[in-house]
Structures are given as C-alpha cells and as structure tokens.
Amino acid sequence: MPAIIVIGAQWGDEGKGRVVDGLGQQADLVARYNGGDNAGHTVVAEGHKLQLHLVPSGILHRQATCLIGAGVVVNPMQLLAELDQLAELGIDVGPERVKLSAAAHLILPTHRALDGAREAARGAAAIGTTRRGIGPVYADKAARTGLRASLMADPEAFAERVAEATRDHNRLLQEIYHQEPLAAQDVAAKYCDYAKRLRPYLVDGSALVAACLAAGRTMLCEGAQGTLLDLNHGSYPFVTSSAPIAGGALVGLGFGPRAVSQVVGVGKAYTTRVGGGPMLTELLDATGERIREVGGEYGTTTGRPRRCGWLDLPILRYAAQVNGLTGLALTKLDVLTGVDPLRIAVAYGREGKRTERFPAEFGADELAHWQPVYEELPGWAEDIRGARRMEDLPAAAQDYVARVQEAVGVPIILIGVGPEREQAIWSR
Ligand code: IMP
C-alpha cells in the first residue's frame, strides 16, 4: 500500500515531471496535491509536445488513474483545454481515468485580475507571481469564502455563486485597485458551461486514495513548485500560497503518514529561481547566461527567463530535513558540461559567522546580507548524454555527484543527463 511522494527540493522547475514519469510506470494512481496552473511541465505524447499545468503527468501511462486533489486550485477553463488537447491525441481522459476532488477550489477570472492588480501595487517589492490567481484563490479558501468544485454538481446554482463572488471581487478591483470590473453574468454563464462538462469528474478524492492504498496499489503523489516556495517553510514572502512539501501531499489528498514509503526530492545540478527574493548563489555573469541557454531555463507557464546559479547545498539539506527525503534525483547534470571549474555553495557566511544549515529563521532581508561559501570542483568536457551507468560518467562528474550525496546525506536515485526519457542514470 505504498504512497510515493515526489517533491521539488529547490524553487520549482527541478524536472519533477521526468521523475514522476519514471516512477509512474508502476503507479496505479497519480495524484496532484497542491498549486494550480502556475505549475507547468512539457510532456511528449504520441510524438507531440504538450504543456500540462493541471492534469498529472501520469495521464501518459495508460493504466494510471489521475487525481486532482483537494489541495489543488483549478482554473476550469485551463483544465478543460488540457483535457481537449489530450483527447485530440487519442488519450483517454474520460471520468473513469481523470478525477477531480470535489473539495478542490476553483479559480475565477477575478482571482487572476486581483493577482495582477496586487502585484502591480507592490511595485519594486513584487513577488513575481505567475498571475494565475493563485494567491487570491487560496486567500478566499482560508477566509472560507471560496468556491469548491463540489458546487459544479448543480450548474445553475453554481452560476449564481460565481456571479456573486465576481461582484464581491469587482468591488475590490474597483475601489482598491482602480481597475475595470468583470461582467459577472458573462463569467457566470461560462462557468455554468464548464460545470456541465466537469460535473462527471467530481469525486471524494480522499476515498479514492484510501481505496487505492487498501487494495495494495501504488499511488504517486506529484508535487508542484518546490520546498522554498512552500507557504509555511519557504522563503516567505517570496513563496507560493500552497504546500509543495511532502506534508502537503497528506493534507492535499487526505491520507495518513503511515502509507508513505518513499519521499523523493528532485533538485537540479545547479539552482534556478523565477520571481523575486534572495537567491544567494545567483550568477549574473556569462556562466549564469550559459546555464540559462544550455538548460533552456525559461518558464513553462510564463516564458520568463529563470535566474540561474551554482548548486546550493544548504538548500538541499533543508529540503531533506523538511520533507524527510529518502532519495534525491539530481537532474540536468549535462547542462554543466564544459563549465570548469564548478562551484558548489557548502555554507553561508556573514562577518565571520558561518552556517551550513539553510537559515530558515531569517527573513528575506536578513538572508540577502549573507554570502555563499563556495567549494571549487573540477568540471568535465566530455558529452555525458549517453551515460546510463555511474561508471559511464567522467571521473569529475562522478565526484560532483558523490560530493552532493555525501553533503546532503540522502542517496541519489537518479541522475538526469539529457531531456529524453532514457537519458538518465537510475540507481535503485
Ligand atoms: P504564484 O504561485 O503564481 O503566486 O507565484 C509565487 C512565486 O512562486 C513566484 O516567485 C513564482 O515565480 C513562483 N512559482 C509559482 N509556480 C512556479 C513553478 O511552477 N515553478 C517555479 N516557480 C513558480
């Protein structure tokens, strides 16, 4: 009855999709537990490249049921667009395969408008959100004024609630942010149509998970974003509004910790971040630029260039601590080919003080005053994309991986050496 949780160990975009893809081959249920269409990953299906933001990547494994859990926030228009795209490729996305928790909250167009308006009002202190309405919809959920997916069971009554919520949000948009209101009746009519289409997908997500685990089947919990974007444990306030950490899987899907057999953290061989907030190992030079270009470090959802920098071990140790990692997947090692020497931040320092631990007790302002303490390692020039076993890697690459494993104290179960499914070294 194992549940395997896959989480991001940095600031998101670590390549969780490929790890879920690899581990998901054996999964009977693949479940998303947090976030919304702020996330995004590119998948290749039937020779086509598509971008999924909501539907779990397990949809490509024919046997897996896919659940969008209670902890997820759903833009129904986006969900339907993804289902349509997948259906066009001949992939079964009927209600037998795709399930939507009735307790998931729904994103309205006014949530997106409010997200944009709040970001604009923050000026230089902007978080750099994806403007998908994530903060405002979770705020409504916490304030107990949100709209749950269960309301879609009665589309006409649901439409009334959508119109009412839109009018409430309009008051904020107009009076506080001096923005144009949205046409409540038009929005309500659209949402009534979405409800008619999505109604068959509604389930009690926790009951579905319980049945899967009780039958001895395997559930893969797919985290979105990463540890440092966690609302409670991330680099607040430069975080998202959900719980990307392992604990978020239990909360967002509704099952207990005894079922968890593995927690796999996914981290890149370097560090990236999108949006504002301190990033101590950021490279604002040609090396950072090179990593961005070679690694294709541009946002899947917004297309924004990602901030790139050296690997940060205090962050990975922190991820191991917060999530209770049993394994680490180190992705995109091939991107570092030709960068020589390489640097890894082993600690942070400030005025003679030093910490090897990520100082999560610091606010963003204090953290920004610390400097990374680097260790230098030799790079390698050989093309490593063909490596399938540890021994196939040049000695310098093996040393790099060994150094990370030793410093984080968690076994490395996968090394990514290229974008294709088979370009990976798995050690089980
Ligand atoms: P929000 O989730 O759109 O509210 O954005 C809050 C912060 O999380 C911003 O810094 C975003 O760039 C970041 N963020 C949200 N989703 C992702 C993601 O999937 N990958 C990387 N960063 C993300």
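Note that residues are indexed from 1 along each chain, following the sequence as it is written. Owing to the predicted nature of the model, reporting of local features is limited to residues with pLDDT of at least 70; listing and counting of side-chain atom pairs is limited to 80 or more, with chain, interface and lining totals taken over all residues. The side-chain values count all of the structure's non-hydrogen atoms but skip hydrogen atoms and water molecules.

Here, a salt bridge means any Lys or Arg side-chain nitrogen found within 4 Å of an Asp or Glu carboxyl oxygen. Enumeration according to the criterion identifies 23 salt bridges in this entry. Measuring nitrogen to oxygen at the nearest pair gives 3.9 Å for the salt bridge that ties Asp37 to Arg112. Of this pair, Asp37 sits in the loop between strand S2 (29-32) and strand S3 (41-45) while Arg112 is found in helix H3 (residues 109-122), placing the two residues 75 residues apart along the sequence. Classification of Arg112 as partly exposed rests on a relative accessible area of 29%. Between Glu351 and Arg350 there is a salt bridge; the shortest N-O distance is 3.6 Å. Residues joined in a network through salt bridges with shared partners are Asp13, Lys268, Glu297, Arg306 and Lys332. Working definition: helices are DSSP H or I runs of at least four residues, strands are E runs of at least two. Numbering for both runs from the N terminus. Relative accessibility under 20% of the residue-type maximum defines a buried residue, over 50% an exposed one, and the middle range a partly exposed one, all with a 1.4 Å probe and only protein chains included.

In this section: the environment of Arg304. Counting through the fold element by element, Arg304 comes out in the loop between helix H9 (286-295) and strand S13 (307-309). On a C-alpha basis, the gap between Arg304 and Thr130 in space is 9.4 Å, while along the polypeptide they are 174 residues apart. Only heavy atoms enter the contact rule, under which two residues are in contact if any of them lie within 4.5 Å. Apart from residues no more than four positions distant in its own chain, Arg304 is found in contact with Gly128, Thr129, Thr130, Val274, Gly275, Glu297, Tyr298 and Gly299. Under the rule applied, a polar contact is a pair of N or O atoms within 3.5 Å (in protein, one hydrogen donor and one hydrogen acceptor; residues adjacent in sequence only if both atoms are side-chain atoms). Within the local environment of Arg304, its side chain forms a polar contact with the backbone oxygen of Gly128, the two atoms lying 2.7 Å apart.

Here we come to the sheet that holds strand S10 (residues 219-222). If you trace the 10 strands from one edge of the open sheet to the other, you get S9-S7-S5-S2-S10-S1-S11-S15-S19-S20, paired in mixed fashion. Each having just a single partner strand, strand S9 (202-203) and strand S20 (424-426) make up the two edges of the open sheet. Examined bridge by bridge, strand S19 (residues 412-416) and S20 share 3 bridges and lie antiparallel to one another. The residue bridging Gly416 from the neighbouring strand is Ala424, located in S20. Here the axes come from fitting lines to C-alpha atoms, over the contacting stretch only for helices, and the angles between their N-to-C directions go from 0 to 180 degrees. Contacting strand S15 (327-331) and S19, helix H12 (residues 395-408) runs over the sheet at an angle of about 145 degrees to S19. Note: two strands are recorded as paired if DSSP finds a minimum of 2 bridges between them.

Moving on, we come to the site of the ligand. The ligand sits among 16 residues. The nearest are Asp13, Asn38, Thr130, Thr240 and Arg304. The backbone of Gly128 places a nitrogen or oxygen atom 3.3 Å from an oxygen atom of the ligand. With residues, only the protein chains shown are counted as cover, and all accessible areas are computed by Shrake-Rupley using a 1.4 Å probe. Protein chains shield 96% of the accessible area of the ligand, which is 470 Å² for the free molecule. Residue type decides the class: Asp, Glu, Lys and Arg count as charged, Ala, Val, Leu, Ile, Met, Phe, Trp, Tyr, Cys and Pro as nonpolar, and the leftover types, Gly among them, as polar. When the residues that make up the shell around the ligand are grouped by side-chain class, the tally is 7 nonpolar, 7 polar and 2 charged. Proximity is defined per residue: if any heavy atom of the residue lies within 4 Å of a molecule or strand, that residue is considered near it.

Within the sequence span of helix H4 (residues 134-142), burial applies to Ile134, Pro136, Val137, Tyr138 and Asp140. Against the buried residues of H4 lie strand S6 (73-74), strand S8 (105-106), H3 and helix H5 (155-175). Backbone geometry just after H4 places Arg144 at a positive phi near 65 degrees.

On to the environment of Pro257. Among the secondary structure elements, Pro257 is positioned in the loop between helix H8 (246-253) and strand S11 (260-268). Among the residues examined, Pro257 registers a relative accessible area of 60% and is labelled exposed. The sequence separation of Pro257 and Gly247 amounts to 10 residues, and the corresponding C-alpha distance is 8.5 Å.

The peptide bond linking Tyr236 to Pro237 adopts the cis configuration, its omega dihedral lying at 5 degrees. Turning to its location among the elements, Pro237 is positioned in the loop between S10 and H8. Here the bond from Asp340 into Pro341 is cis, since omega is 0 degrees, no more than 30 degrees from zero. As for its position among the elements, Pro341 is in the loop between S15 and strand S16 (342-350). Its identity as a non-glycine residue notwithstanding, Arg144 has a phi of 65 degrees, on the positive side. Within the secondary structure, Arg144 is located in the loop between H4 and H5. In this structure Arg144 comes out as exposed when scored by relative accessible area, which is 75%. Here Gln225, not a glycine, exhibits a phi torsion of approximately 60 degrees, which is positive. Take Gln225: it is sitting in the loop between S10 and H8. When its relative accessible area of 10% is taken as the criterion, Gln225 is described as buried.

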